[in-house]
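# Architecture at a glance
The residues making up each chain are set out below.
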Amino acid sequence: GPKVLQIPSHQIIDMGQMVTLNCDPVSNHLYFYWYKQILGQQMEFLVNFYNGKVMEKSKLFKDQFSVERPDGSYFTLKIQPTALEDSAVYFCASSLVQGDSDYTFGSGTRLLVI
Amino acid sequence: GEKVEQHESTLSVREGDSAVINCTYTDTASSYFPWYKQEAGKSLHFVIDIRSNVDRKQSQRLTVLLDKKAKRFSLHITATQPEDSAIYFCAASNMGYKLTFGTGTSLLVDP
């Protein structure tokens, strides 16, 4: 079936540096999401994005986080500057409509901030 | 905000037996309840969902039950097979675009 691709799969970065996580969503999908999962804990909603705008963000979506999808290319999550507590697996997802079975997840980017 | 609790962190069954995973939620406004399966090193895959206008939905060997009064929903897998072994996540949503997940249940089906 259709896939969401995440690049890179793993990233190690020094605290304070900037990191960009890339997501290639399913081609006809309109809604885009980022979730964060710390090891051993549940996946938590960060943000969702539609029509070029953030629709909703959670408390976890700190001021250091930003998302964009310039000209229909990758949907990106940028963290600047990174902190140790940003270490987690970040999952991207996309869907054509809200709340339906076509909500498709990527394999995640494992981010380690040292 | 919504909280979803997934009661079984691990579940081990013999091949051919049934498996049941239970979740509870807190937000009475939640109306959409999907289940996802994650195999080692892979992404989450949708398995089945249920909406609040029904209390039961079946797809082949999978059945989801929803008890809105108790704010509880469950995934039932019959005639389990080794390839059913994975981590299963329940989730709840009241708007469809934001999912609140449980902590996952690691299901092991012994051949």
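So, here is what we can say about the structure in this document.

Reading guide: rules and limits
Residues numbered from 1 in each chain as written. Chains lettered and ligands numbered in written order. Predicted model: local features only at pLDDT ≥ 70, side-chain atom pairs only at ≥ 80, totals over all residues. Heavy atoms only, no water. Pairing = 2+ DSSP bridges. Helix = DSSP H or I, 4+ residues; strand = E, 2+ residues; numbered from the N terminus. Axes fitted to C-alpha atoms, helices over the stretch in contact; angles between N-to-C directions. Contact = heavy atoms within 4.5 Å. Buried area = accessible area lost by both parts, 1.4 Å probe. Salt bridge = Lys/Arg side-chain N within 4 Å of Asp/Glu carboxyl O. Polar contact = N/O pair within 3.5 Å; in protein donor to acceptor, adjacent residues only side chain to side chain. Nonpolar A, V, L, I, M, F, W, Y, C, P; charged D, E, K, R; others polar.

## A word on the sheet that holds strand 3 (residues 19–24) of chain A
Residues and elements named next belong to chain A. The strand order across the open sheet built from 4 strands is 1-3-8-7, with neighbouring strands paired in antiparallel fashion. In this open sheet, the two edge strands, each paired with only one partner strand, are strand 1 (5–7) and strand 7 (65–68). Ignoring strand direction, the axes of neighbouring strands in this sheet form an average angle of 15 degrees. Inspection of the sheet shows strand 1 paired to strand 3 by 3 bridges, in the antiparallel sense. Residue pairing in the sheet places Leu 5 in a bridge with Asp 24 of strand 3.

## Description of the sheet that holds strand 6 (residues 56–59) of chain B
Residue and element names in this part refer to chain B. Taking strand neighbours across the sheet as the criterion, the 5 strands line up as 1-3-8-7-6 in an open arrangement whose pairing is antiparallel. Of all the strands in the sheet, just strand 1 (4–6) and strand 6 have a single pairing partner and so form its edges. Neighbour-to-neighbour, the strand axes of this sheet turn through a mean angle of 15 degrees, independent of strand direction. Pairing of strand 6 with strand 7 (residues 62–67), which is carried by 4 bridges, proceeds in the antiparallel orientation. What sits directly across from Arg 56, in strand 7, is Leu 65.

## Observations concerning the interface of chain A and chain B
Think of interface size as the accessible area that goes away when the parts come together; that is how it is often given. Counting residues at the interface gives 18 residues for chain A and 18 residues for chain B. Counting the surface lost from both chain A and chain B, the interface buries some 1700 Å², and carbon and sulfur atoms represent 55% of this. Put simply, chain A and chain B have 1 salt bridge between them. Where chain A touches chain B, the interface holds 4 residue pairs in polar contact (both at pLDDT 80 or more). A breakdown of the residues in the side of chain A that touches chain B according to their chemical character gives 8 nonpolar, 8 polar and 2 charged.

## Here we look at the pairing of strand 6 (residues 53–57) of chain A
Residues and elements named next belong to chain A. Note that strand 5 (residues 43–50) and strand 6 share 4 bridges and pair antiparallel. When the bridges of strand 6 are listed, Phe 49 appears paired with Val 54. Here strand 5 hands over to strand 6 after 2 residues, with Asn 51 in that stretch at a positive phi of 55 degrees.

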